[in-house]
Every structure is written in C-alpha cells, then in structure tokens.
Amino acid sequence: MLDIKAIREDAHAFDAGIARRGLEPMAADLIEIDKRRREAQTTAQELQTRRNELSKIIGQKKSQGEDTDAEMKEVAESKDAQAEAEAAVKKAGDKLDEILSEIPNIPADDVPEGADEDDNLELRKWGELKDLGFDAKEHFDLGEALGQMDFKTAAKMSGARFVVLSGALARMERALSAFMLDLHTNENGYTEVNPPALVRDNALYGTGQLPKFEEDLFKMEEGFYLIPTAEVPLTNIVANEVMDEDYLPRRYTAMTWCFRSEAGSAGKDTRGMIRQHQFTKVEMVAVTKPEDSEEEHEHMTACAEEVLKRLELPYRVVSLCTGDLGFSAHKTYDIEVWLAGQRRYREISSVSNCGDFQARRMKARYRPNEGKGTIHVHTLNGSGLAVGRTLIAIMEDYQQEDGSIIVPEALRPYMSGLEVITAS
C-alpha cells in the first residue's frame, strides 16, 4: 500500500508514478478524502479535550455547591458530537484504505517503459544454446513416451491442468527441490522454513493478492485460501512485528506446493506442465532495511541464476517493463530458461523488490539503532526456482534422440547416481 503522507507531500510525483502504470491521476481525490479524515479526527480530539476540561469544572463546582446543569448538558452534547466525528473518521479512513489497497506499487525510476512483455528489456544471457542434432521434442511428448508423465490419469481425478509424475521424473522433481534448498541454505544465507499452505485473508491482503486478485485464488469453505506461492506465508512471518535493526536482513526459503486458478489463462499452455493449478516451487523471501533492498534484489537474482548455472541450463535475465510489472512490485527481474523443445525462453523465476509496499499493508517495521520511531522494512521475493519448469527445462535441453533424458551432474548425488532416465 502506498503512503498517503507521501502523496500529500508530492502529489505530482504520485500521479506521474501511477501514470506509468496506465492509471489516471487520483492524488487530488485521495488528498481530499484524507483531508476530511484528518479534520474529523481533529474535531474528535478537540471535543475530548474540552470534555476533560468540563470534568474538572464540574468537580470544582460540585465541591463548592454550585449548579452544574450547563456543563452537564455540554458534556452530553459533546459525547454525541464526538461519536459523530469518530464515525466520520472511520468512514473516510475506510474509503481511503479501500482505494489505496487497489492501487499498484509505483515503478522504480529505472523500470523500462512499455505495454507488455514484448517491451521487457533484456539485461544478459548465460549459456550456449546447444544444437541437439535432431528435432527436439517438448516435455509432454518426452514424458508420456517415458511412461512417467500422465495427464490422462490426473484429469480423471482432478480435471485439466494437473499431472501425475512417476518413477525417475517424480524423483527428479524431489531431487530438484532438495538441490535448490541446499544451495540457498548452505551457500546463499537463507533459513529454510516449512510454512502453512493454508492462510487467511489478512495474509493475502498483506502481500497484495487481496482484494484485487481473488479470482486467481482457491478459497476454502472454512475461510482459508490455498497459497498461490510461498511468498505469502514467508513474507507474513514479519507481519505486525517491530524488529530491531540488528535483526535485519532476514532471508527465508521454502519448498511448497502452490495453487492457482489460472483465471484468464484459457487457451494458454493447455498441454503439459507449464501452467498448472498445482505446482512445486522453491521460494526466496528477504526482509531488509530500505537502503539495502536494491543490493538485496541483485543478490536474490544471482541466487536464482546460480541454480541454472549449476544445472547448466541456458537462460536470460530481463527487466520487466511498466506494463508487465506485478501489482506489488517496485522493480522485477524475470529469469527465462531456454526450452529446446519450444525453441524459446520461458519464465522460470520472477525476482521482485516490493519496497515498503507490502510492509505498509502488513504493518512490518523495524526500530533503528539510532534515532526515534520506527521505519517500514522493505520486502523482496523470488522463485529459486519453479521446480516443475526446471524439470521441463532439463527434459527438453538434456533429451537424447532416443527419448531418454541425461541427468545433470549436479543432480546425480540426489538421485543415487542415476545418469540417464529411460522408459519405465
């Protein structure tokens, strides 16, 4: 959520920032609502102060046997007026929060301008696109031929956009998760967490999925939601907390199932594992001081890249343009892995610096070692990596002409030394 105080102090900058998101100016309307809220708040406070004065006057008059009817009448009227003023404060405050909760984060100055993914800015590439020497197949053809990737059985149980993995492919997905977690915890400074996969609406509000994107979520009858990403529970570890400065930075990682309705994705990636309702992902989340978040963003991106380097999978890094930036993100790098079967790069990780946007929604702050008061932390999140898409990349990039799959050397210790996946 954006800071109304900052909007008041520089309305032009706010309107210019949301204009980059394709939104019309709204600073004047927000400032007017906030003005009504603050005026009503001042009125309520003045009435309370006056009633405190009247209480003293009434006490003095009673001790002297004097009449207090006028003061008592004013007290009664003051209570009604204060209740009315407090109701006005709440009404204006609720309206302000409602509008602010649906305004996306302001893009960083160096976020490229653009309408959609076609305008994203490529920053770098890594790895060679090897010539396999034959027509590469896509992962679903490979997996079905191996007898270890079954979409029909999954559809029988759960419908479209699910898969049953078995044998060595199931083991590889497990191996990838362990490999990624070991790398992030042993070398990259992250603490492993096993968080809940069910959260309440306040957690999703804190990270920005609610209220605007409820249609993308799976909601349970009991009021829980299935997490769309471990970003939600990991970031909410610090919700409503006031941390000491020395406690920062905090770095968390988790492997979880993620659940998404894929609303609005009809016709996109209908075959295979690219876009599913349930998938496995290793997530990274960092909580930092404001002055450290840009450096942390680069660190987190490097951590995600290192996974692909160890697996020897070619990739590129792009900076998302204003039109492709996520709701809560201040700046995002996408890492796109090369898929030999599709002959194109596909997203495998989005690494975002959210600034204090989520922290304001979650009321997450820290107490500086010097000075008074508290400061909102900055939060960052990124996939490290999407496990299913990493499996896809290995299948397509390490495939052999006979349909078998070479196991990357980095994964072999996690697969009891298995070097090649062959048909079951």
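The shown structure was predicted, so the numbers you read here are calculated from the model rather than taken from an experiment.

Asker: Teacher, can you tell me more about the packing of aromatic side chains here?
Answerer: Remark: the centre distance and the inter-plane angle together describe each pair of aromatic rings, the angle taken between the planes. Counted according to the given criterion, the structure contains five aromatic pairs. Consider the rings of Trp338 and Tyr345, whose centres lie 5.1 Å apart with planes at 70°: the pair is edge-to-face. Residue Trp338 shares its accessibility class with Tyr345, and that shared class is buried. Joined through ring pairs, the aromatic side chains of Phe213, Phe327 and Phe357 make up one cluster. If you follow Arg250 out to its NZ or CZ, it ends over the ring of Tyr247, 4.2 Å from the centre. The aromatic ring of Tyr205 is capped on one face by Arg361, whose charged end is 4.3 Å from the ring centroid.

Asker: Which parts of the structure should I look at to understand the sheet that holds strand S10 (residues 278-288)?
Answerer: The strands making up a sheet associate through backbone hydrogen bonding, with each pair oriented either parallel or antiparallel. Spatial strand order, S1-S11-S12-S13-S16-S10-S9-S4: eight strands in an open sheet with mixed pairing. Among the strands making up the open sheet, the edge pair consists of strand S1 (121-126) and strand S4 (191-192). Two strands pair when backbone bridges link them, and strand S9 (residues 250-259) and S10 are joined in this way by 10 bridges, in the antiparallel orientation. Pairing of Met255 across the sheet is with Val282, part of S10. In the packing of helix H7 (residues 167-186) onto the sheet, contacts are made with S4, S9, S10 and strand S16 (378-386), and the angle to S10 comes to roughly 5°. Sitting on the sheet, helix H12 (residues 387-397) touches S10, strand S12 (331-339), strand S13 (344-353) and S16, and the angle it makes with S12 is about 35°.

Asker: Would you mind going over the layout of surface pockets with me for this structure?
Answerer: Where empty space is left in the structure can be found by rolling a water-sized probe over the atoms. Space inside the second largest pocket adds up to approximately 480 Å³. Together, 26 residues line the second largest pocket, and Leu2, Asn105, Ile106, His330 and Asp356 are the ones closest to its centre. When residues of the lining of the second largest pocket are traced back to their parent elements, those giving at least two are helix H1 (4-9), helix H2 (11-19), helix H10 (293-311) and helix H11 (357-362). It is H2 that contributes the most residues to the lining of the second largest pocket, four residues altogether. Across the lining of the second largest pocket, the residue classes break down as 11 nonpolar, seven polar and eight charged.

Parameters at a glance
- All chains use their own residue numbering, which begins from 1 and follows the written sequence.
- Local features are withheld for residues below a pLDDT of 70 in this predicted model, meaning they are given only at 70 or higher, and side-chain atom pairs are given and counted only at 80 or more; totals for whole chains, interfaces and linings count all residues.
- Excluding hydrogens and water, the side-chain values take into account all heavy atoms of the structure.
- By convention, a stacked pair of Phe, Tyr or Trp rings (six-membered ring in the case of Trp) has centres within 6.5 Å and planes under 30 degrees apart, an edge-to-face pair has planes over 60 apart, and any other such pair is tilted.
- The buried label goes to any residue with under 20% of its type's maximum accessible area, the exposed label to any with over 50%, and the partly exposed label to all in between, with areas taken from a 1.4 Å probe on protein chains only.
- A ring is considered to have a charge above it if a Lys NZ or an Arg CZ atom is located within 6 Å of its centre and within 35 degrees of its normal.
- Here a strand pair is declared whenever DSSP counts at least two bridges between the two strands.
- Only DSSP runs of H or I with at least four residues qualify as helices, and only runs of E with at least two residues qualify as strands; both kinds are numbered from the N terminus onward.
- For this analysis, residues touch if any pair of their heavy atoms sits within 4.5 Å.
- Axes here refer to lines fitted to C-alpha atoms; in helices the fit is confined to the stretch in contact. Angles between the N-to-C directions go from 0 to 180 degrees.
- In the cavity and pocket records, a cavity denotes points on a 1 Å grid over the protein atoms alone where a 1.4 Å probe fits but cannot get out, a pocket denotes an open set with protein on both sides within 12 Å along at least 5 of 7 lines, and lining residues are residues with an atom within 4 Å of a point.
- Grid points are joined across faces, edges and corners, and a volume is the space filled by probe spheres set on the points.
- When residues are sorted by character, Ala, Val, Leu, Ile, Met, Phe, Trp, Tyr, Cys and Pro go into the nonpolar class, Asp, Glu, Lys and Arg into the charged class, and all the rest, Gly among them, into the polar class.

Taken by themselves, the reported measurements are silent on function.
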